[in-house]
Amino acid sequence: MSDVSDRSDVPWRSRTVQAVLLSTALAPLGVPLISPTLPVFRDTFALTEAQASLLVSGYFLVGIVLSPFVGVLADRIGRKRVLVAGLGTFGLVGGAIAFAPSFEVVLALRVIQGTGAAAIFITTVTIIGDSFDGPQRTAVLGVNVAVLSATAALFPVLGGFLVTLGWSVPFLTYFAAIPVALFVSLSLEEPVQTSPGRGVGYLRDAVVAITTPSTLALFAITFLTEFLAFGVIFTALPFLLESVLTPVLVGVVLLTAETTAMVAASGSGRLARRLSSLQLIAIGFACYGAGFLIFALTTWIGAVVVAAVVAGAGVGLLLPSVDAALSDRTDPPYRAGAFSLRNSTTFLGRFAGPITFAGLAGTGGLGYVPLLIVSGVLAIGAAVLTGLVASQTPFLPNSPTLPRE
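Here the structure is a predicted model, which means the values were calculated and not measured.

Reading the values: the criteria
- Residues numbered from 1 in each chain as written.
- Predicted model: local features only at pLDDT ≥ 70, side-chain atom pairs only at ≥ 80, totals over all residues.
- Heavy atoms only, no water.
- Helix = DSSP H or I, 4+ residues; strand = E, 2+ residues; numbered from the N terminus.
- Buried < 20%, exposed > 50% of the residue type's maximum accessible area, 1.4 Å probe, protein only.
- Contact = heavy atoms within 4.5 Å.
- Areas by Shrake-Rupley, 256 points an atom, 1.4 Å probe, with all protein chains shown as cover.
- Phe/Tyr/Trp six-rings, centres within 6.5 Å; stacked < 30°, edge-to-face > 60°.
- Salt bridge = Lys/Arg side-chain N within 4 Å of Asp/Glu carboxyl O.

Visitor: Would you take a moment to explain the overall build of the protein chain for this structure?
Guide: Looking only at helices and strands, one finds 16 helices and zero strands in the protein chain. The buried share among the 405 residues of the protein chain stands at 54%. Taking the intrachain contacts of the protein chain between residues at least 6 apart in sequence as the baseline, contacts between residues at least 24 apart amount to 84%. Total accessible area on the protein chain is roughly 16,200 Å²; 71% of this is exposed by carbon and sulfur atoms.

Spelled out as structure tokens, the structure:
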């Protein structure tokens, strides 16, 4: 175990950290790996582009609906069991897609795989919340987001290469989740927690514990974070820049944002020693606002890269800070339930952002520049509001705790 004199240190030798990060590293296999394969998949099964896109939207939709049930299950039977089951489902069902005889079978397997992905997303952050406290918790959550950003940046390249070997080859990579599930099963100890009640009593207590004004506000922040990220960075920006930059340069801009998010998330633990989670959320939204407004004002490559760095830093600060704040405000017996709702709002924001921005800019005729200006102003407004709330909330750093192993 590492020395915890530095409250933001990440205990790399901890089996908890190792199991969580290995599981998290697989999560971007769900969409970033598959996105570059969509044209080949469309042609192979003679589909329309809308039908091919169901490979992505179907994966997210099931997470929106089923995440709360996964969270309740993790609170009732334990995080480890649900994580192992999620990894097994993600790997076996995802790998089986490579042998599917028809698009209908592929889509059905993809929907089932989405339930496994939801279990991974929910239980990994819940286990971190159970096992660590204070700035150390924020540090581990930050590294978790950094791993997510790093693999999300790399997997599209891998998927684009593998699909040249055949439409089914990228899906074979999902089998990598099986040895990870085995490692988690053998090495991870169930975090110590108070056993919740049963039946109606548990559900009533869970609703009371999760739906407080502060947690509901964090769910709203989560939605806005993902809605703006996927609407602006991953949808509006590529369309806005296509007339002035080559697709390769657009990819470089997106990679710049992802890389900056990874760096910012990795450093969030040290920032958490001096700033509260709410203050970090306010700074994250301010970065969003500044980056979006620069995107709207110019398409000069130098300014675009600066904007990508600033907006990417916002992503890296917002995600671990929201999870840390949610952990602090939720009782351990109901923490998985809280993160399940956070996962639902995450998936809902990712689903709604691209549709809303593309629809308003295209069918609505607004164009992307006005949408970016509105998004920038909205993000700055969220930063001011969160900053005002943070100024009224005393910051009392928690003492670090060792992972319960």
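Visitor: Help me understand unusual backbone geometry in this model?
Guide: Leaving glycine aside, a negative phi is the common case for residues, and trans is the common case for peptide bonds. Despite not being glycine, Ala46 has its phi angle at roughly 55°, a positive value. With respect to the helices, strands and loops of the structure, Ala46 is situated in the loop between helix H2 (38–44) and helix H3 (49–77). Exposure remark for Ala46: the relative accessible area of 67% places this residue in the exposed category.

Visitor: Looking at this structure, I do not really get the packing of aromatic side chains. What am I missing?
Guide: Describing an aromatic ring pair means giving the distance of the ring centres and the angle of the ring planes. Tallied over the full model, the rule gives 12 aromatic pairs. Judged by centre distance (4.8 Å) and plane angle (45°), the rings of Phe41 and Phe45 are tilted. Of the two residues examined, Phe41 and Phe45, each falls in the buried class. Grouped by ring-pair contacts, the aromatic residues Phe41, Phe45, Phe90, Phe103, Trp167, Phe171 and Tyr174 constitute a single cluster.

Visitor: Which parts of the structure should I look at to understand the pattern of salt bridges?
Guide: Should the charged atoms of two oppositely charged side chains come close, the side chains can pair. Taken as a whole, this structure holds eight salt bridges when the rule is applied. For Arg79, the salt bridge is made with Asp75, and the minimal N-O distance between the two is 2.6 Å. The residue Arg137 makes a salt bridge to Asp133 at a minimum N-O spacing of 2.7 Å. Taking relative accessible area as the criterion, Arg137 reaches 2% and is therefore assigned buried. Exposure remark for Asp133: the relative accessible area of 22% places this residue in the partly exposed category. The structure contains a network of salt bridges with shared partners spanning Asp75, Arg79, Asp130 and Arg335.

Visitor: Explain the side chain of Thr330 to me, please; I cannot follow it from the model alone.
Guide: Note that Thr330 resides in the loop between helix H14 (301–328) and helix H15 (335–361). Setting aside residues up to four positions removed in sequence, Thr330 forms contacts with Thr215, Arg335 and Ala338.

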